[in-house]
Amino acid sequence: MNAEDPAPSADGSPLPPAPAPAVPVAQPQAVPGPPPVPAGWGGQPVPGVPYPYPTLWPDPALLHRPRRRWGRVIALVATGLTLACAAAGGLAVVLVPPVLEQLAAAGGGTSGTGAPSPRPGDPLSVRQAWAKERIDAALAVQHKALLGGDERGYLSVVEPTATGALDGLRIQFRSLRAMQVAAWSDRGYQPSPTGDEWTVRLSSTPCFVVPTCPESRTPAVMRWRIEDDRAVMVHWEPGEKDGGPPWQTDELVALAGARTVVATTPVYARQLPTLLREAENAAKVADRYAVGTAPVRYPVYYADSREWERWYGGKLPDWVGGYALQVTADRYELVLNGDYLLQAGLGELMRHELTHASSLAGSSGGYGAWWLVEGLAEEAAMNGAQPARYPALDEVRKFVKTWQRDLALIAPEDDTPDGEVAARYGVAYLAVHRLVARFGFAKAMAFFKNVLHQRREPALAAPESLGVSWAVAQKDLADYVRRTAR
């Protein structure tokens, strides 16, 4: 054991060091980059591929019986639907330029501010600049009202007869306020003429509790009409037809802690204290596995059955009860299935999912690394417990009888039987547990970073991070899995 390695746990494996205090740091403006690559799945970009995990163990029909700890369900959605578009780096959120703040304070007037009123024959660029200036001023009014808790001011830029926009924005305002929105930024846009109106597709980022956070690029589509030199919104709708973040479409209630924000529908409002307590405890564990700086806040959404099918597009295997969605390279949003939780395993699930968010933030992909992604999260979920207590050892024992000892090929498919899915997660856990025990936490995390964040094949990463060839390391991990599952 190296001098820098932590003391071993009860079963002889080193525990990760205690986390350093997380301090929100303003980061440079993000620069568009290539689309993020899913962590695992052969090293090729496969947008929208989920990492499914067995939801319930045993079957939901048996929930009235005493349940084993294998009641957690994790699915990591590595490249988030259409929300995970080009992203790199973090975002220091700036609410609005100073000139727009002044406009907002003055009530949104725009006369004499720069863009000349268009005249017949002017090119489209002149008309766009004129319209954009007025739309920017209206958005500045909204931003100020949102952060000030002024619902009437927030809706004041909307045409009174545009009931759809009023209803949608009212829900969004109240949900964002419930989640303690502390900053809001809009990404640059260019209005497009639609008859006498202007269509805008806007990408926005809310920061919860703290004023700086990685961007999320949540899209919305709106139409504006210019009346008396003032922009009036006549239409608004979420920009993702398949489902976006919960705060954009659903009424939420929420609680915030030192490291997390948990939100749910009013149906589960009474569960918020329990959810927050478990999330805060889990965040202390997840922070230890951060590659770089831990997230400034972990957003956690708890869905009922209807919202589960809609939030962020749903469409996951039936046995999935939770997932961590990569909305941009540096930001993960967590969604838990309320139908299956608060029964058992909530703490383990929280630790697993939050560890995805902490360890994968900033990663761009990996090579056959599903086992490493999920094994690390399961190691966090176990939180120092001995491998003998892992609840799926029986399933692992059956699986390894025919396993070809190749960790790159153990990721389950959507139609993999539940017991075998549990076994595959068990193999991943045992392999990562051995990785930490043999090489130490620091070297194991260096290997994780090398493969997942720097996109190096294990064959290249192992000698550099672990000091041995990947063939030697994988043989040792596979031997340990077989020994432990006897």
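Residues numbered from 1 in each chain as written. Predicted model: local features only at pLDDT ≥ 70, side-chain atom pairs only at ≥ 80, totals over all residues. Heavy atoms only, no water.

Explain the overall build of the protein chain residue by residue, including any values.
A tally of helices and strands in the protein chain yields 14 helices and twelve strands. Burial status across the protein chain gives 58% buried among its 486 residues. For the protein chain, restricting intrachain contacts to residue pairs at least 6 apart in sequence, the fraction spanning at least 24 positions comes to 70%. As displayed, the protein chain has an accessible area near 19500 Å², and 53% of this comes from carbon and sulfur atoms. (Helix = DSSP H or I, 4+ residues; strand = E, 2+ residues; numbered from the N terminus. Buried < 20%, exposed > 50% of the residue type's maximum accessible area, 1.4 Å probe, protein only. Contact = heavy atoms within 4.5 Å. Areas by Shrake-Rupley, 256 points an atom, 1.4 Å probe, with all protein chains shown as cover.)

Could you give an account of the state of the cysteines, naming the residues involved and the relevant values?
By definition, a disulfide is the covalent link that joins the sulfur atoms of two cysteine residues. Using the criterion set out here, one finds one disulfide in the structure. The disulfide partner of C207 is C213, and the S-S distance across this bridge is 2.0 Å. Handedness here is read from the sign of the S-S torsion; for C207 and C213, about -85°, the answer is left-handed. A residue is classified by how much of its surface remains accessible, and C207, at 0% relative accessible area, is buried. In this structure C213 comes out as buried when scored by relative accessible area, which is 7%. (Disulfide = S-S within 2.5 Å.)

Outline the nonpolar core, supporting the account with residue identities and numerical values.
A general trend in soluble globular proteins is that nonpolar side chains are found buried together. W224, W371, L372 and F447 are the most contacted members of the largest nonpolar core, which has 128 residues in total. When residues in this core are grouped by element, the largest group, 13 residues, is from helix α11 (residues 418–439). Apart from residues lying up to four places away in sequence, W371 is in contact with L376, L407, A408, I410, A428, A431, V432, F447, W470 and L477. Judged by nonpolar contacts, the second largest core, of five residues, contains A183, C207, V210 and C213. (Core = buried A, V, L, I, M, F, W, Y, C linked by side-chain atoms within 4.5 Å.)

Which residues make up the packing of helix α6 (residues 272–286) against helix α8 (residues 346–360), and what values do they have?
The N-to-C vectors of α6 and α8 enclose an angle of 50°; their axes lie 8 Å apart at closest approach. As far as their axial angle goes, α8 and α6 are oblique. Taken as a pair, α6 and α8 cross one another with a handedness that is right-handed. Here T274, L275, E278, A279, A282, A283, V285 and A286 of α6 come into contact with α8, specifically with L346, G347, M350, R351, L354, T355 and S358. The class makeup of the residues in the contact of α6 with α8 is nine nonpolar, four polar and two charged. (Axes fitted to C-alpha atoms, helices over the stretch in contact; angles between N-to-C directions. Parallel < 35°, antiparallel > 145°, perpendicular 65-115°, else oblique. Left-handed = near helix turned anticlockwise from the far one by under 90°. Nonpolar A, V, L, I, M, F, W, Y, C, P; charged D, E, K, R; others polar.)

Break down helix α4 (residues 163–178) for me, citing the residues and quoting the values.
Residue pairs spaced three or four apart in an α-helix point in one direction, given the helix's 3.6 residues per turn. With 16 residues, α4 extends 22 Å between its outermost C-alpha atoms, agreeing within 8% with the 22 Å of an ideal straight helix rising 1.5 Å per residue. Along α4, the residues classified as buried are A165, L166, G168, L169, Q172, F173, S175 and L176. Tucked into the core, α4 has its buried residues touching α2 (124–148), α3 (151–155), β3 (181–186), β5 (197–208), β7 (230–238) and α5 (246–249). Q180 sits one or two residues past α4 and shows a positive phi near 60°. (Expected span 1.5 Å × (residues − 1).)

Describe the environment of D136, naming the residues involved and giving the relevant values.
Tracing the backbone through its elements, the reader meets D136 in helix α2. According to the relative accessible area criterion, D136 is buried, its value standing at 17%. As for D136 and A231, which are separated by 95 residues in sequence, their C-alpha atoms are 8.6 Å apart.

How would you explain α8 if you had to name every residue and give the values?
For α8, spanning 15 residues, the distance from its first C-alpha to its last is 21 Å, which sits close to the expected 21 Å at 1.5 Å a residue. Looking at the residues trailing α8, positive phi occurs at G362, about 90°.

Account for the side chain of Q248, with residues named and values stated.
For Q248, the position within the fold is in helix α5. Among the polar contacts made by the side chain of Q248, one reaches the main-chain carbonyl oxygen of P219 at a distance of 2.8 Å. Ignoring any residue separated from it by four or fewer positions in sequence, one finds Q248 in contact with Q172, T218, P219, A220, W236, P238 and G239. (Polar contact = N/O pair within 3.5 Å; in protein donor to acceptor, adjacent residues only side chain to side chain.)

Before we move on, could you go through the pattern of salt bridges and cite the residues and values that matter?
Applying the stated criterion to the full structure yields 27 salt bridges. For R217, the salt bridge goes to E215, with nearest N and O atoms at 2.9 Å. On the basis of relative accessibility, which here comes to 5%, the residue E215 falls in the buried class. Of the charged contacts, one joins D476 and R434 as a salt bridge, the two residues approaching to 2.8 Å between their closest N and O atoms. In this pair, D476 sits in helix α14 (residues 470–484) while R434 sits in helix α11, placing the two residues 42 residues apart along the sequence. Note on accessibility: D476 and R434 belong to one class, buried. Bridged by salt links that share partners, the residues E159, E197, R223, R225 and E227 form one connected network. (Salt bridge = Lys/Arg side-chain N within 4 Å of Asp/Glu carboxyl O.)

I'd like a description of the side chain of E197, backed by residues and values.
For E197, the location among the structural elements is in strand β5. Within the local environment of E197, its side chain forms a polar contact with the side chain of R223, the two groups lying 2.9 Å apart. When sequence neighbours within four positions are dropped, the list of residues in contact with E197 reads S192, R223, W224, R225 and V234.

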